[in-house]
Amino acid sequence: MDTHELLAVSERRHQQVERVLAVFFSDSHYRAKALGAPYAALWQTLQRNASGGKRFRPRMVMAAYEALGGTDVDAAAHVGAAFELLHTALIVHDDVIDRDFVRRGGVNVSGRYRDIATTAGIPLPDAEHRGMSVAIIAGDLALFNAYRLIDRSGVDGILRTRLHDLLDEAMFVSAAGELYDVDFALRSGTTGPAGADDLPTVDDILEMERLKTAVYSFETPLQAGAVLAGASPAAIAALGTFGRNIGIAYQIVDDLLGVFGDERDTGKTTLGDLREGKRTVLLAHAAGRPEWAEVADLVGSPELTPEQAQRIRSVLEQTGSRGFTEALARDFANRAWEALVDPALPDAAREEFRPVVASVLGRVR
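Residues numbered from 1 in each chain as written. Predicted model: local features only at pLDDT ≥ 70, side-chain atom pairs only at ≥ 80, totals over all residues. Heavy atoms only, no water.

**Q** Sorry, what's going on with the side chain of Ser-110 here?
**A** For Ser-110, the position within the fold is in helix α5 (residues 109-119). The buried category is assigned to Ser-110, whose relative accessible area is 1%. In contact with Ser-110, other than residues within four places in its own chain, are Val-96, Asp-100, Phe-101, Gly-131, Met-132 and Ala-135. (Helix = DSSP H or I, 4+ residues; strand = E, 2+ residues; numbered from the N terminus. Buried < 20%, exposed > 50% of the residue type's maximum accessible area, 1.4 Å probe, protein only. Contact = heavy atoms within 4.5 Å.)

In structure tokens:
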């Protein structure tokens, strides 16, 4: 396919998933109105927070499904929407864990209900607690209904059970990754300076990122699409391996861009991760070098200045941590490509996912 055709296919898949989600939220809002305006308003807030994303996970489901010969695009769109709703649940709860009230430049569920409370005159600590409490409720609703969207796909019997099992695996593993991320935050002292001795190792970070992000964002959505298409066990396994490795590569690159990226391209500040003291391969590698002592007391400081951030970047360059991390991202992307050339996969799958590998590699520099 040429670029124009690829864009057309991508847009078609996007719109199919949007229609599924629109019907789901419309039905839920209608049911909620019978229980009162506040509950209906919560569903509207959840829908707004589920809108505006790239629908990356549903596109993985649908791309795998169609590349492996699937033709029931409505069923695939429902399964894809299930993974999108799982993503919504996880980020709503993740924001509660991180005590964040903003996402994608706007207030999230926690922020929306915090602001409602402060407008009503409730003191800020209580208002923030109310916001996070409502966000937990919203995340629970999104999580449960992810399974219900698979039920709405029209598949039944063993196939539905297999799809439920994959969604369960995504949730089960992601919860482990979130737990380890929380633990790393405590070990790293992200509320204060992060010392080298407290930071997790590179291998620790890679495993956490695999569990927390790669499995539910890449590995299981791809496998779900393959299972729905009736693919062979070998093809399902190959796509899972591809997804696992490209997911890790993607997250490594995302962490690189969080420190060294161009804010005009990424749309996010290059100060946030350093102020948070976010656990990344970059920091884990640098922490074992003598130069780290020069900036260890700056990482994790909420008052970090642009000049201090530049000092940290310089150390990350001097220690070879940036180069190491870039090379690691390329290595995982190459492992992903090796999985794609598995003879169990048709040429259509390689054509479908080659741009994904190229995109990750293109973001490294």
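**Q** Could you clarify how one ought to interpret the packing of helix α8 (residues 202-228) against helix α9 (residues 233-260) in this entry?
**A** The relative placement of two packed helices comes down to the angle between their axes together with the axis-to-axis distance. Two elements in contact, α8 and α9, have axes separated by 7 Å at closest approach and are oriented at 140°. In terms of orientation, α8 and α9 fall into the oblique class. Between α8 and α9 lies a crossing of right-handed hand. Per-class residue counts for the contact of α8 with α9 are 13 nonpolar, six polar and five charged. (Axes fitted to C-alpha atoms, helices over the stretch in contact; angles between N-to-C directions. Parallel < 35°, antiparallel > 145°, perpendicular 65-115°, else oblique. Left-handed = near helix turned anticlockwise from the far one by under 90°. Nonpolar A, V, L, I, M, F, W, Y, C, P; charged D, E, K, R; others polar.)

**Q** Where do I start with helix α13 (residues 306-318) in this structure?
**A** Quick reminder: α-helices carry 3.6 residues per turn. Residues three or four places apart thus point the same way. Under the 1.5 Å per step criterion, the end-to-end length of α13 is 18 Å for 13 residues, consistent within 8% with the ideal 18 Å. Residues of α13 that are buried: Ala-309, Ile-312, Arg-313, Val-315 and Leu-316. Buried residues of α13, seen end-on, are gathered within an arc of 160° and therefore sit on one face of the element. Projecting away from the buried face of α13 at angles above 90 degrees are the exposed residues Glu-307 and Gln-318. (Expected span 1.5 Å × (residues − 1). Arc of directions from axis to C-beta.)

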